[in-house]
Amino acid sequence: MELSARQAQLKRVIAAHWEPVYNFAYRMTLDADRARDVVEETFLRTYLGQERMPGKDQVVAWLLRICNHVLEQSLPRSPEVSFDMLDDTLRSEATRTDVVRSLTDPERDFMLWELKQGCMTAVVNCLSPGERAAFTLANILRIEDEQAAQTLGITKSAYKVRLSRAQKKITDYLAPRCEHVDPLNPCRCPARVGVALRKGFIRSTGEVQLRSKVEPFGRYGSGLGNEDAPLRDVQVIYRSLPQPEPAEGLPDSILDKLTSGAWDELLEQKQQENGS
């Protein structure tokens with residue numbers, strides 16, 4: 001394939017599919033900068049192996065599989081966050097509602113929404129990378145079982161076992177604690193906003209937010225037009241979370257590297273190695 005055609009094809013792929021790749025990378029790393037690095041490496045590997053790119057219906061699954069390979073090589077085998085650490089961050093101090101009471105309605109809804117999203121995302125990051133990937137593909141990206149298994153390079157039955165294990169761990173953690181599962185549970189967002197702000201778990205400026213452009217509604221973030229009530233089911237809670245805010249300038253950064261000639265040099269080197 002001519003370099004111009006190769007670059008043109010990848011530009012189309014980047015424009016169409018960079019967002020789900022970034023979403024997956026962000027959920028797996030919980031860090032915008034690390035997610036950017038993973039996405040850039042994913043599209044570099046895509047460029048180098050472009051001859052193996054499948055048809056349009058399989059491109060997303062193929063990209064996510066490459067992304068997963070990059071993540072497997074960069075993430076530690078054990079979780080960087082534990083359920084005990086999360087408890088110590090948010091639940092080790094006495095509850096306080098004075099912070100929430102001091103806020104206006106829009107500010108209060110925003111902070112409660114931020115805390116819900118931040119906490120739910122942190123819970124997923126208490127899983128091992130393999131379990132986290134299975135849970136993210138199923139409940140956040142909503143990938144079908146067959147494609148999710150292909151993404152992780154395992155059989156469908158092995159994927160279902162991994163997903164079941166991940167969902168059980170998250171449910172076992174949230175079920176006796178979180179008000180979004182049961183409003184009678186002890187861990188309630190209004191009482192935790194103060195400590196979450198003080199410890200930097202969330203920020204009042206919204207810098208660490210995943211919220212979509214649509215203004216959230218109510219205490220539980222059920223969305224406009226929906227009853228403001230606990231969603232209760234763990235899978236439904238996670239499927240209600242929006243995509244993370246797009247990484248500013250990421251597509252342009254990838255395109256700059258693509259057109260700079262640096263990736264072409266790596267491609268030439270790979271072709272020479274394969275031909276020797």
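The notes below deal with the structure included here. Quick caveat, the model's predicted, so the values are computed rather than measured. Each chain has its residues counted from 1, following the order in which its sequence is written. Reporting in this predicted model follows two pLDDT cut-offs: at least 70 for local features of residues, and 80 or more for side-chain atom pairs to be given and counted; totals over whole chains, interfaces and linings ignore these cut-offs and use all residues. In computing side-chain values, all of the structure's heavy atoms are included and hydrogens and water are not.

Observations regarding the side chain of Asn-185
Logical step 1: Helix and strand assignments follow DSSP, with helices taken as H or I runs no shorter than four residues and strands as E runs no shorter than two, numbered in order from the N terminus. Here Asn-185 lies in the loop between helix H9 (156-174) and helix H10 (189-198).
Logical step 2: One polar contact links the side chain of Asn-185 to the main-chain carbonyl oxygen of Cys-178, over a distance of 2.9 Å.
Logical step 3: It only takes one pair of heavy atoms within 4.5 Å for two residues to be counted as in contact. Leave out the neighbours within four places in its chain, and Asn-185 touches Leu-174, Ala-175, Pro-176, Arg-177, Cys-178 and Glu-179. Whenever a nitrogen or oxygen atom comes within 3.5 Å of another N or O atom, the pair is scored as a polar contact, on the condition that within protein one atom can donate a hydrogen and the other can accept it, and that pairs from neighbouring residues in sequence are kept only if both atoms are in side chains.

Some details on the layout of surface pockets
Logical step 1: By volume, the second largest pocket is sized at about 230 Å³.
Logical step 2: Every element with two or more residues in the lining of the second largest pocket is listed here: helix H3 (59-74) and helix H7 (129-139).
Logical step 3: When the residues that make up the lining of the second largest pocket are grouped by side-chain class, the tally is seven nonpolar, two polar and three charged. Points on a 1 Å grid over protein atoms alone make up a cavity when a 1.4 Å probe fits among them but cannot get out, and a pocket when they form an open set with protein on both sides within 12 Å along at least five of seven lines; lining residues each have an atom within 4 Å of a point. Grid points are joined across faces, edges and corners, and a volume is the space filled by probe spheres set on the points. We call Asp, Glu, Lys and Arg charged. Ala, Val, Leu, Ile, Met, Phe, Trp, Tyr, Cys and Pro are nonpolar, and the rest, Gly among them, are polar.

Points about the nonpolar core
Proteins that are soluble and globular tend to have nonpolar side chains buried together.
Logical step 1: Phe-24, Phe-43, Ile-170, Leu-174 and Tyr-238 are the most contacted members of the largest nonpolar core, which has 72 residues in total.
Logical step 2: For Tyr-238, the residues in contact, after removing those within four places along its chain, are Met-120, Val-123, Val-124, Phe-135, Asn-139, Ile-140, Ile-170 and Leu-174. Definition of nonpolar core: a set of buried residues of the types Ala, Val, Leu, Ile, Met, Phe, Trp, Tyr and Cys, connected through side-chain atoms within 4.5 Å. Summary of the burial criterion: residues with accessible area below 20% of their type's maximum are buried, those above 50% are exposed, and those between are partly exposed, where the area comes from a 1.4 Å probe applied to protein chains only.

Looking at the environment of Cys-178
Logical step 1: On the secondary structure map, Cys-178 appears in the loop between H9 and H10.
Logical step 2: Spatially, the C-alpha atoms of Cys-178 and Arg-188 are 6.6 Å apart, while their sequence positions differ by ten residues.
Logical step 3: Sequence-distant contacts of Cys-178, defined by excluding residues within four places in its chain, comprise Met-120, Asn-185 and Cys-187.

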